[in-house]
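Structural overview for review
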Amino acid sequence: MQIEKAIVRTHELVGGDYRELVLDASATAAGSVPGQFVHLRVPRLDGSVLRRPFSIYRARDGRLSILYKTVGRGTKAMEAIAPGDTVDIIGPLGNGFPLDEIGENPVLVAGGYGVAPLSFLAGEVAVKGTVFIGGATQRDILCVGDFESLGWTVQITTEDGSLGEKGLVTQALDAWLAEQQGTAPVHYACGPDGMLRAVGDRAVAAGHTAWLSLDKHMGCGVGACLACVQKIRGADGRVGWKRVCKDGPIFEASVIEWDA
Ligand SMILES: Cc1cc2nc3c(=O)[nH]c(=O)nc-3n(C[C@H](O)[C@H](O)[C@H](O)COP(=O)(O)OP(=O)(O)OC[C@H]3O[C@@H](n4cnc5c(N)ncnc54)[C@H](O)[C@@H]3O)c2cc1C
Ligand code: FES
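Note that the structure is predicted; figures quoted are calculated from it, not measured.

**What to know about the overall build of the protein**
Each helix and strand in the protein was counted, giving six helices and 16 strands. At 18 Å, the protein has a C-alpha radius of gyration in line with the 18 Å of a compact globule built from 260 residues.

**A few points about the site of ligand 1**
Among the 21 residues in the neighbourhood of ligand 1, the closest are listed as Tyr68, Gly72, Gly74, Thr75 and Tyr113. Counting residues per element, the ones that place at least two in the shell around ligand 1 are strand E4 (52-55), strand E6 (63-69) and helix H2 (73-78). Classifying every residue of the shell around ligand 1 by side-chain character gives eleven nonpolar, five polar and five charged. Lining the shell around ligand 1 are residues from two domains, each supplying at least three of them: domain 1 (2-93) and domain 3 (214-260).

**Regarding the sheet that holds strand E11 (residues 165-166)**
Pairing between sheet strands relies on hydrogen bonds along the backbone, with the strands arranged either parallel or antiparallel. Pairing is mixed across the open sheet formed by seven strands, whose spatial order is E11-E10-E9-E8-E12-E13-E16. Looking at which strands have only one partner, the edges of the open sheet turn out to be E11 and strand E16 (250-252). Where strand E13 (residues 210-213) lies against E16, three bridges are found, and the strand directions are antiparallel. Directly across from Ser213, in E16, lies its bridge partner Ile250. Sheet contacts for helix H6 (residues 193-206): strand E8 (107-111), strand E9 (130-135), strand E12 (187-190) and E13; angle to E13, the most-contacted strand, approximately 165°.

**Observations concerning unusual backbone geometry**
The omega angle of the peptide bond from Gly91 to Pro92 is -10°, so this bond is cis rather than trans. Residue position: Pro92 is located in strand E7 (residues 86-93). Here the bond from Gly248 into Pro249 is cis, since omega is 10°, no more than 30 degrees from zero. Following the sequence through the fold, Pro249 ends up in the loop between strand E15 (239-243) and E16. Backbone geometry places Asp61, a non-glycine residue, at a positive phi of 50°. Mapped onto the fold, Asp61 is located in the loop between strand E5 (58-60) and E6. Judged by local crowding, Asp61 falls into the exposed class, with 10 C-beta atoms found within 10 Å.

**Let's talk about the sheet that holds E7**
Taken in spatial order, the seven strands make up an open sheet running E4-E3-E7-E1-E2-E6-E5, and their pairing is antiparallel. Among the strands making up the open sheet, the edge pair consists of E4 and E5. Direction aside, neighbouring strands of the sheet carry axes that sit 35° apart on average. Alignment of strand E3 (residues 37-41) against E7, held across four bridges, turns out to be antiparallel. Of the residues in E7, the one forming a bridge with Phe37 is Leu93.

**Structural notes on the domain arrangement of the protein**
For the protein, the assigned domains are domain 1 (2-93), domain 2 (97-210) and domain 3 (214-260). Here domain 1 and domain 3 have C-alpha centroids that lie 24 Å from each other. Listed as interface residues are eight residues of domain 1 and, on the opposing side, seven residues of domain 3. Secondary-structure elements contributing two or more residues to the side of domain 1 that touches domain 3 are E3 and E7. Residues of the side of domain 1 that touches domain 3, tallied by class, amount to five nonpolar, two polar and one charged.

**Examining the environment of Gly103**
With respect to the helices, strands and loops of the structure, Gly103 is situated in the loop between E7 and E8. The partly exposed category is assigned to Gly103, around which 13 C-beta atoms lie within 10 Å. Beyond its immediate sequence surroundings of up to four residues, Gly103 is in contact with Pro185 and Val186.

Parameters at a glance
- Residues numbered from 1 in each chain as written.
- Chains lettered and ligands numbered in written order.
- Predicted model: local features only at pLDDT ≥ 70, side-chain atom pairs only at ≥ 80, totals over all residues.
- Helix = DSSP H or I, 4+ residues; strand = E, 2+ residues; numbered from the N terminus.
- Rg over C-alpha atoms; globule rule 2.2 N^0.38 Å.
- Near = placed C-beta within 6 Å.
- Nonpolar A, V, L, I, M, F, W, Y, C, P; charged D, E, K, R; others polar.
- Domains from an automatic or database assignment.
- Pairing = 2+ DSSP bridges.
- Contact = placed C-beta atoms within 7 Å.
- Axes fitted to C-alpha atoms, helices over the stretch in contact; angles between N-to-C directions.
- Buried ≥ 20, exposed ≤ 12 C-beta atoms within 10 Å, placed from the backbone.

Structure follows, in structure tokens:
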């Protein structure tokens, strides 16, 4: 983990409100694994000292990219970042997805920008599995070509039915899981809290392993401020607080104590 002054290579709209920011960031890219994130100081954002966390989408050949959605003040200001600008990042941060027990039949579940770390994951493993990509509309469905070019099976759902199957991503996941009797697919998921919880609950009930990337508001991003804590059950059964930025953001579903 280090602070790096990264130079912006390209910055393009990739669909809907989503942009890909590609950086020359050789030090950070070199050590990055899927599921880790960078904490980015938004240039020219007056009055804000806080950085913003973004999953690493790609890290190869000295380049690192993120895929982000404009949702508020910081991401709106990011839209003005131009090629040649310098962007201050800290990274790679967090633990990353465990990949050593991925098995023969993995399933990825992504909501919105949650596809970013899962696309990175799919490119780092030899096995081909199934990926469910969900969003509110077709404008939220990204990276389909990434997975298809790697030989993964892609299933798309949108809440308004504008692309793929109409409904929630977990409905399509349920139908698929019902066909996988006798196997124990390892799950990897990234997306909004409600989706993560639904995926995790299903996996825990079925006795499957599910690695979830938690999405918490962050302050420091490096374990010092406790802005990002989550209740996690330890090996002794006792519930305590863990820092999503430092101990996570990836936790196995069965140890997460969700808020009521
Ligand atoms: C580990 C991690 C990885 C992430 N990866 C990505 C990514 O790859 N691409 C991407 O677009 N975003 C990602 N995010 C979310 C991203 O950090 C926030 O969208 C961003 O910080 C919002 O900044 P803002 O100033 O534009 O929004 P603000 O003005 O601060 O907030 C605007 C709205 O977004 C909500 N919001 C702010 N932060 C978060 C958050 N962390 N999770 C959910 N809602 C939030 C606020 O509650 C508010 O409703 C990630 C977050 C975490 C913790
Ligand atoms: S954001 Fe400061 S401890 Fe996690």
